Amino acid sequence: FVLPLGATVNMNGTALYEALTVIFIAQRHSVDLSMAQMFVVVITGTMAAVGAAAIPSAGLVTMLMVLQAVNLSRFASDIALVITVDWMLDRLRTVVNVEGDAMGVAIIDHLLREQGQLEGGGVELSSAPRRVAAGDDDNL
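Residue indices follow the written sequence of each chain, beginning from 1 at its first position. The model is predicted, so local features are restricted to residues of pLDDT at least 70 and side-chain atom pairs to those at 80 or more, both for listing and for counting; the totals for chains, interfaces and linings are taken over all residues. Heavy atoms from the whole structure form the basis of all side-chain values; hydrogens and water molecules are not counted.

Engineer: So what exactly am I meant to see when it comes to helix 4 (residues 58-69) here?
Structural biologist: Structurally, the α-helix is built with 3.6 residues per turn, so residues lying three or four positions apart point the same way. With 12 residues, helix 4 ought to run about 16 Å at 1.5 Å a step, and its terminal C-alpha atoms sit 17 Å apart, in line with that. With a 1.4 Å probe rolled over the protein chains alone, any residue whose accessible area is under 20% of its type maximum counts as buried; one over 50% counts as exposed, and the rest are partly exposed. Put simply, DSSP marks the helices as runs of H or I at least four residues long and the strands as runs of E at least two long, and each gets a number from the N terminus on. Buried within helix 4 we find Ala 58, Gly 59, Leu 60, Thr 62, Met 63, Val 66 and Leu 67. The inward-facing, buried residues of helix 4 contact helix 2 (12-28), helix 3 (35-51), helix 5 (79-83) and helix 6 (86-115). Of the residues one or two after helix 4, Asn 71 is the one with positive phi, at around 55°. Helix span, as expected, comes to 1.5 Å for every residue beyond the first. Residues count as neighbours in contact if any of their non-hydrogen atoms are within 4.5 Å of one another.

Engineer: Could you clarify how one ought to interpret the environment of Ser 73 in this entry?
Structural biologist: Relative to the helices and strands, Ser 73 is located in the loop between helix 4 and helix 5. Using a relative accessible area of 41% as the deciding quantity, one classes Ser 73 as partly exposed. Between the C-alpha atoms of Ser 73 and Met 63, which are 10 residues apart in sequence, the distance is 9.8 Å. Excluding residues that lie within four positions of it along the chain, Ser 73 makes contacts with Leu 67 and Gln 68.

Engineer: Help me out: how do you make sense of the side chain of Asp 78 in this one?
Structural biologist: Here Asp 78 shows up in the loop between helix 4 and helix 5. For Asp 78, the residues in contact, after removing those within four places along its chain, are Ile 25, Arg 28 and His 29.

Engineer: It is not clear to me how unusual backbone geometry should be interpreted in this structure. Could you clarify?
Structural biologist: Leave glycine aside and you will find that most residues have negative phi; peptide bonds, for their part, are mostly trans. In this structure, Ser 30 is a non-glycine residue whose phi angle is positive, near 55°. Locating Ser 30 in the fold gives a position in the loop between helix 2 and helix 3. Taking relative accessible area as the criterion, Ser 30 reaches 65% and is therefore assigned exposed. The phi angle at Asn 71 is positive, at roughly 55°, despite the residue not being glycine. Tracing the chain through its elements places Asn 71 in the loop between helix 4 and helix 5.

Engineer: Hey, could you run me through the nonpolar core in this one?
Structural biologist: It is characteristic of soluble globular proteins that their nonpolar side chains tend to be buried jointly. To qualify as a nonpolar core, a set must consist of buried Ala, Val, Leu, Ile, Met, Phe, Trp, Tyr and Cys residues joined through side-chain atoms within 4.5 Å. Ranked by internal contacts, the top residues of the largest apolar core, which has 16 residues, are Val 22, Val 41, Leu 67, Leu 72 and Ile 79. Contributing elements (two or more residues each) for this core: helix 2, helix 4 and helix 5. Excluding anything up to four places from it in sequence, Leu 67 contacts Val 22, Ile 25, Leu 72, Ser 73, Ala 76 and Ile 79.

Written out as structure tokens, the structure reads:
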């Protein structure tokens, strides 16, 4: 239950990527963002990341929405600079997202064990299947 939910909702790598890229674009053009605008970037980036979780490379598209939210749409052409390194940034976003999902699973596991709702070592992985000789129907 936790991993599928985390894979859909826990897109913190993408949210960080969008917020930092918008701030980078603003600083590149010497635009000072107020605290209110920074808050809007964080909220809009988070909502865009959650909303576009199932679409590959949607961060580039939703970044336009974040830029428009803080009146920086005139610098939308700077996304072309980001596209050149997006393949590497995508791998880093994935690492952050997977680590967040794994941390969520570990916390839920710890809490359930603490409450006594989960016993034993969890799911045990069995070894390789046993080979049965031809004509040996007793082992089936």
